[in-house]
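Structural overview
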Amino acid sequence: MMTVTTLRSVSDLAAAGLVAEAQMPRLAEVGAAYAIALPQPLAALIDAADAADPIRRQYVPSAEELVTLPGESDDPIGDARHSPVAGLVHRYPDRVLIKAASTCPVYCRFCFRREKVGPDKGEALTKTDLDALFAYIDAHPEIFEVILTGGDPLMLSAARAREITQRLEAIAHVKLIRWHTRMPVTRPDRITPAYAEALSSRTKAVFLAVHANHAREFTPDAVAACRRLAGQGIALVSQSVLLRGVNDNISALTDLMRAFLAAGIKPYYLHQLDAAPGTSHFRVPVEEGQALVRALRDAASGLAVPHYVYDIAGGVSKASLALSDAERKDDTWSVRGRDGAHYPLAD
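Residues numbered from 1 in each chain as written. Predicted model: local features only at pLDDT ≥ 70, side-chain atom pairs only at ≥ 80, totals over all residues. Heavy atoms only, no water.

What follows covers the pattern of salt bridges. A side chain with one charge may pair with a side chain of the opposite charge, provided their charged atoms come close. Summed over all chains, the structure comprises 24 salt bridges. A salt bridge links Asp79 to Arg113, with the shortest nitrogen-to-oxygen separation between them at 2.8 Å. You can see Asp79 sitting in the loop between helix 4 (54-59) and strand 3 (88-92) and its partner Arg113 sitting in the loop between strand 4 (95-99) and helix 5 (127-138), a full 34 residues away along the chain. We note that Asp79, like Arg113, is buried. (Salt bridge = Lys/Arg side-chain N within 4 Å of Asp/Glu carboxyl O. Helix = DSSP H or I, 4+ residues; strand = E, 2+ residues; numbered from the N terminus. Buried < 20%, exposed > 50% of the residue type's maximum accessible area, 1.4 Å probe, protein only.)

Attention now moves to the environment of Ile191. By the secondary structure assignment, Ile191 is in the loop between helix 7 (183-186) and helix 8 (193-199). Given the relative accessible area of 0%, Ile191 is considered buried. Considering only alpha carbons, one finds Ile191 and Pro61, 130 residues apart in sequence, at a separation of 27 Å. The residues touching Ile191, leaving out its near neighbours within four places in the chain, are Leu154, Met183, Pro184, Ala225, Arg228 and Leu229. (Contact = heavy atoms within 4.5 Å.)

The next subject is the pairing of strand 8 (residues 235-241). By the criterion of burial, strand 8 is predominantly enclosed, with six of the seven residues buried. Looking at chain direction, strand 7 (residues 205-211) and strand 8 are connected through five bridges and run parallel. Pairing of Phe207 across the sheet is with Ala235, part of strand 8. Note on the crossover from strand 7 through helix 9 (residues 220-230) to strand 8: the handedness is right-handed. In this view, the connection linking strand 8 to its parallel neighbour strand 9 (residues 266-271) by way of helix 10 (residues 250-262) has right-handed handedness. (Pairing = 2+ DSSP bridges. Right-handed = clockwise from strand over helix to strand, strands pointing away.)

Spatially, 12-13-14 is the arrangement adopted by the three strands of the open sheet, whose pairing is antiparallel. Whereas interior strands pair on both sides, the edge strands pair on one side only; in this sheet they are strand 12 (326-329) and strand 14 (342-344). Neighbouring strand axes in the sheet, compared pairwise and without regard to direction, differ in orientation by 35° on average. Bridge count between strand 12 and strand 13 (residues 332-336): four bridges; the pairing is antiparallel. (Axes fitted to C-alpha atoms, helices over the stretch in contact; angles between N-to-C directions.)

Right, let's talk about the environment of His214 for a bit. Counting through the fold element by element, His214 comes out in the loop between strand 7 and helix 9. His214 sits 156 residues away from Gln58 along the chain, and the two C-alpha atoms are 9.4 Å apart. Other than its neighbours up to four places away in sequence, His214 contacts Pro54, Ile55, Gln58, Val246 and Leu256.

Turning our eyes to something else, we now look at the nonpolar core. With 58 residues, the main nonpolar core has Ile137 and Trp179 as its most contacted residues. When near neighbours in sequence (up to four residues on either side) are disregarded, Ile137 contacts Leu88, Val96, Ile98, Ile143, Val146, Leu168, Ile171, His173 and Val174. In this structure, Val10, Ile46, Val241 and Phe282 belong to the second largest nonpolar core, which totals 24 residues. (Core = buried A, V, L, I, M, F, W, Y, C linked by side-chain atoms within 4.5 Å.)

The next thing to look at is the packing of helix 5 against helix 6 (residues 158-169). With their axes 11 Å apart at the nearest point, helix 5 and helix 6 run at an angle of 30° to one another. When the interaxial angle is binned, helix 5 and helix 6 end up roughly parallel. Of the two elements, helix 5 crosses helix 6, and the hand of that crossing is right-handed. Here Leu130, Asp131, Phe134 and Ile137 of helix 5 lie close against helix 6, whose contacting residues are Arg160, Ile164, Arg167 and Leu168. For the contact of helix 5 with helix 6, a count of residues per class yields five nonpolar, no polar and three charged. (Parallel < 35°, antiparallel > 145°, perpendicular 65-115°, else oblique. Left-handed = near helix turned anticlockwise from the far one by under 90°. Nonpolar A, V, L, I, M, F, W, Y, C, P; charged D, E, K, R; others polar.)

This part covers helix 10. The end-to-end C-alpha distance of helix 10 is 18 Å, a good match for the 18 Å that 13 residues give at a rise of 1.5 Å each. Three or more residues of helix 10 are buried, namely Ala252, Leu253, Thr254, Leu256, Met257, Ala259 and Phe260. Where helix 10 is buried, its residues meet strand 7, strand 8, strand 9 and helix 11 (286-299). The distance from a side-chain oxygen at the start of helix 10 to the backbone nitrogen of Ser251 is 3.2 Å, and the residue carrying that oxygen is Asn249. A positive phi of about 85° marks Gly264, the residue just after helix 10. (Expected span 1.5 Å × (residues − 1). Polar contact = N/O pair within 3.5 Å; in protein donor to acceptor, adjacent residues only side chain to side chain.)

With that settled, consider the layout of surface pockets. Of the pockets and cavities examined, the largest pocket occupies roughly 890 Å³. Mapped onto the lining of the largest pocket, the elements with two or more residues apiece are strand 3, strand 4, strand 5 (145-149), strand 6 (176-181), strand 8 and strand 9. Among the residues forming the lining of the largest pocket, the class breakdown is 21 nonpolar, nine polar and 11 charged. (1 Å grid on protein atoms, 1.4 Å probe; cavity = no way out; pocket = protein on both sides within 12 Å on 5 of 7 lines; lining within 4 Å. Points joined across faces, edges and corners; volume = space filled by probe spheres on them.)

Put into structure tokens, the structure is as follows:
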């Protein structure tokens with residue numbers, strides 16, 4: 001694995017030409033509240049002359065993060081109320097989520113767990129914690145799927161990732177393991193053949209959700225990392241957040257979904273932004289999101305269309321936000337075509 005420099009402070013960002021000296025006092029306040037990390041290869045993708053660069057917007061802190069609006073929460077999707085044991089969330093009957101790590105290779109400025117992740121915020125799961133959560137999973141035969149998240153679970157060593165896989169392999173009723181990560185696009189050098197092998201399983205289906213929000217994140221190294229994962233029989237799906245100034249136009253959204261497909265990743269989720277503190281400047285109104293997803297359906301293959309969803313506050317469930325093409329009027333059904341016209345539907 002190559003040696004990669006990571007920018008971890010406002011001073012580092014200033015030295016790299018990514019923030020102006022006049023911005024530093026306010027951004028220091030942001031850095032005191034929320035973690036900063038930006039690997040140098042990812043920073044190199046930023047056009048330093050473009051204040052609206054979509055890569056910059058995702059990763060370089062802004063003074064707008066100091067603005068917290070009513071309704072924003074440090075636990076917007078209700079993890080805590082659905083956590084029966086440390087490090088585990090059981091929100092849906094047939095699946096659980098393990099928060100396997102509390103750090104990330106990069107800290108997104110819109111993260112919904114931003115109050116909980118960072119080098120000095122979360123704590124790694126102890127052996128006792130892991131034993132307790134695996135015992136919980138073993139005792140609940142309704143659990144079909146286990147999701148590994150964080151932080152970023154691929155911050156774990158290959159040995160620890162293999163240990164988790166092996167312990168889940170030993171639980172007969174668990175059939176699917178799913179990892180959620182940004183690592184293939186933020187630190188593709190970490191996705192070595194050995195690491196990809198550590199995530200694979202001979203007895204369980206393994207899925208890996210790659211989080212990216214702009215097509216430029218798919219560098220040749222990132223695509224190669226995805227290929228290494230797929231080469232181990234790991235099914236790749238996508239996860240993105242609809243973000244103001246990043247992917248909130250049809251050109252950027254279409255390019256992103258096609259970039260996923262070109263890397264062998266099936267678009268899966270497009271999230272409406274969660275109400276985390278200091279993230280309102282990223283929020284895209286639902287009506288705009290619905291129009292964008294409809295336009296994407298009209299412009300691209302069905303393979304390129306993700307589920308447009310919102311996590312209901314408090315951890316109730318996800319809700320679909322996509323518009324339907326079917327319409328009922330006077331007991332007669334019609335459907336919308338990509339030309340915008342409506343056509344009769346046999347009922």
